[in-house]
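Now for the letters of each chain:
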Amino acid sequence: MLQVTDLTKIYNRLVANDHLNFTVNPGEIAVLLGPNGAGKSTAIKCIAGLLRFQGNITICGHPNKSVEAKKEFGYIPEMPALFEALTVREHLEFIARAYKVENWEKKADALLERMELDDKQNKLGGELSKGMQQKVSICCALLPAPKVVMLDEPLVGLDPHAIKELKQMLLELRQNGCSILVSTHMLDSVEELWDKALIMVQGKIAAVRTRSEIEANGEDLEQLFFSITEGASDGGAA
Ligand SMILES: Nc1ncnc2c1ncn2[C@@H]1O[C@H](COP(=O)(O)OP(=O)(O)OP(=O)(O)O)[C@@H](O)[C@H]1O
């Protein structure tokens, strides 16, 4: 489970995240939506442990920056950060050793095959296209079988096969009880995936809806998004 309690992040005097509270339960895919400057990336970076913040973030009950939390956490950033001088296979070996993944070779083979990277295993990180780097980043994040997975604009730059495969992987992770948080601008791209939508505006969570709430209320996520965000897309809260 991912639990965010009173998350506040202030850059100089700009409140980029203002007392955010939300939970992503086991077996749930939550999407973090919002216009440019709403504060999504800031929240993602705080959860990933890349920024200092006020409040509490726990991953499977552990503070997000603890070793225990990191063992359970897979993060796929918007911009993949690979080692230029390691091959694709070596990236996976590195992760497998760091996380002590048992039978890692078989698991790595399966992931590489699904991402159509099996014939690229000996290429160096620095020799890969942006989309290929993104695919390696996905394989690395999923190899340790994390219980909480967070993806920032995961579909941008992927080819249609990889998009289809990644969506299927997310559904399988959900089926296995993983908590998944996806940050995106593209409502369409996650339409068939989400269980809970978190809509951010000017540093705050302006609305939270589960799919069943939307269906029961006869709402439409896109219409709800526009009704909440229209006219509020010009930056974070002052
Ligand atoms: N390093 C920083 N220093 C100062 N202000 C920042 C910094 N990073 C982001 N901000 C500000 O914080 C607010 C939230 O930005 P953030 O990048 O989190 O939004 P976002 O929802 O991810 O936007 P986008 O959809 O454009 O990626 C914005 O007003 C932005 O200008």
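Residues numbered from 1 in each chain as written. Predicted model: local features only at pLDDT ≥ 70, side-chain atom pairs only at ≥ 80, totals over all residues. Heavy atoms only, no water.

**Q** When you look at the overall build of the chain in this model, what are you seeing that I'm missing?
**A** Across its full length, the chain holds eight helices and 10 strands. For the chain, the C-alpha atoms occupy an extent of roughly 50 × 35 × 30 Å along the three principal directions. For the chain, buried positions account for 48% of its 238 residues. Here the analysis covers contacts within the chain between residues at least 6 apart in sequence; of these, 68% occur between residues at least 24 apart. (Helix = DSSP H or I, 4+ residues; strand = E, 2+ residues; numbered from the N terminus. Buried < 20%, exposed > 50% of the residue type's maximum accessible area, 1.4 Å probe, protein only. Contact = heavy atoms within 4.5 Å.)

**Q** Help me out: how do you make sense of the pattern of salt bridges in this one?
**A** Close approach of charged atoms allows side chains with opposite charge to pair. Counted by the stated rule, this structure contains 13 salt bridges. Across the pair Lys204 and Asp18 runs a salt bridge whose closest N-O atoms are separated by 3.4 Å. Of this pair, Lys204 sits in strand S10 (residues 204-210) while Asp18 is found in strand S2 (residues 14-24), placing the two residues 186 residues apart along the sequence. The shortest N-O distance in the salt bridge between Lys167 and Glu192 comes to 3.0 Å. A residue pair is termed long-range when its members are at least 10 positions apart, and Lys167 in helix H6 (residues 160-175) and Glu192 in the loop between strand S8 (179-183) and strand S9 (196-201) qualify at 25 residues. Among the residues examined, Lys167 registers a relative accessible area of 16% and is labelled buried. A single network of salt bridges, built from pairs that share partners, joins Arg114, Glu165 and Glu172. (Salt bridge = Lys/Arg side-chain N within 4 Å of Asp/Glu carboxyl O.)

**Q** Looking at this structure, how should I read unusual backbone geometry?
**A** Across residues other than glycine, the phi torsion is negative in most instances, and most of the peptide bonds are trans. Unlike most non-glycine residues, Cys60 shows phi in positive territory, near 50 degrees. Structurally, Cys60 is set in the loop between strand S4 (54-59) and strand S5 (62-63). Under the relative-accessibility criterion, Cys60 is labelled partly exposed at 25%. A positive phi angle, close to 50 degrees, is found at Asn103, a residue other than glycine. Structurally, Asn103 can be placed in the loop between helix H3 (88-98) and helix H4 (104-114). Note on Asn103: relative accessible area 60%, which makes it exposed.

**Q** In this structure, what is going on with the domain arrangement of the chain? I would like to understand it.
**A** The accessible area lost on association of the parts is a frequent measure of interface size. If you check the domain split of the chain, you get domain 1 (1-72 + 147-238) and domain 2 (80-145). Computed from C-alpha atoms alone, the centre-to-centre distance between domain 1 and domain 2 is 25 Å. Each partner contributes to the interface: domain 1 provides 18 residues, whereas domain 2 provides 12 residues. A combined buried area of about 1200 Å² lies between domain 1 and domain 2, and 60% of that area is made up of carbon and sulfur atoms. Of all residues in domain 1, Leu158, His161 and Met169 bury the most surface against domain 2, accounting for 35% of the area lost on that side. The tally of links from domain 1 across to domain 2 stands at three salt bridges. A salt bridge links Asp159 to Lys135, with the shortest nitrogen-to-oxygen separation between them at 3.0 Å. Our count for the domain 1 to domain 2 interface comes out at five residue pairs in polar contact (both at pLDDT 80 or more). Looking at the side of domain 1 that touches domain 2, the elements with two or more residues in it are helix H2 (67-71) and H6. Counting residues per element, the side of domain 1 that touches domain 2 draws most heavily on H6, at eight residues. (Domains from an automatic or database assignment. Buried area = accessible area lost by both parts, 1.4 Å probe. Polar contact = N/O pair within 3.5 Å; in protein donor to acceptor, adjacent residues only side chain to side chain.)

**Q** How should I be thinking about the side chain of Thr229 in this particular structure?
**A** Looking at where Thr229 falls in the secondary structure, it is placed in helix H8 (residues 221-229). Separated by 2.8 Å, the side chain of Thr229 and the backbone oxygen of Phe225 make a polar contact. Aside from chain neighbours lying at most four places away, what touches Thr229 is Pro35, Ile199 and Val201.

**Q** Explain the UniProt feature "domain: ABC transporter" (unreviewed entry) in the chain to me, please; I cannot follow it from the model alone.
**A** Here, the residues flagged by UniProt with the feature "domain: ABC transporter" (unreviewed entry) are residues 2-227. Its end C-alpha atoms 28 Å apart, residues 2-227 is made of 35% helix and 27% strand. (UniProt positions renumbered as here; feature names shortened; annotations may be inferred.)

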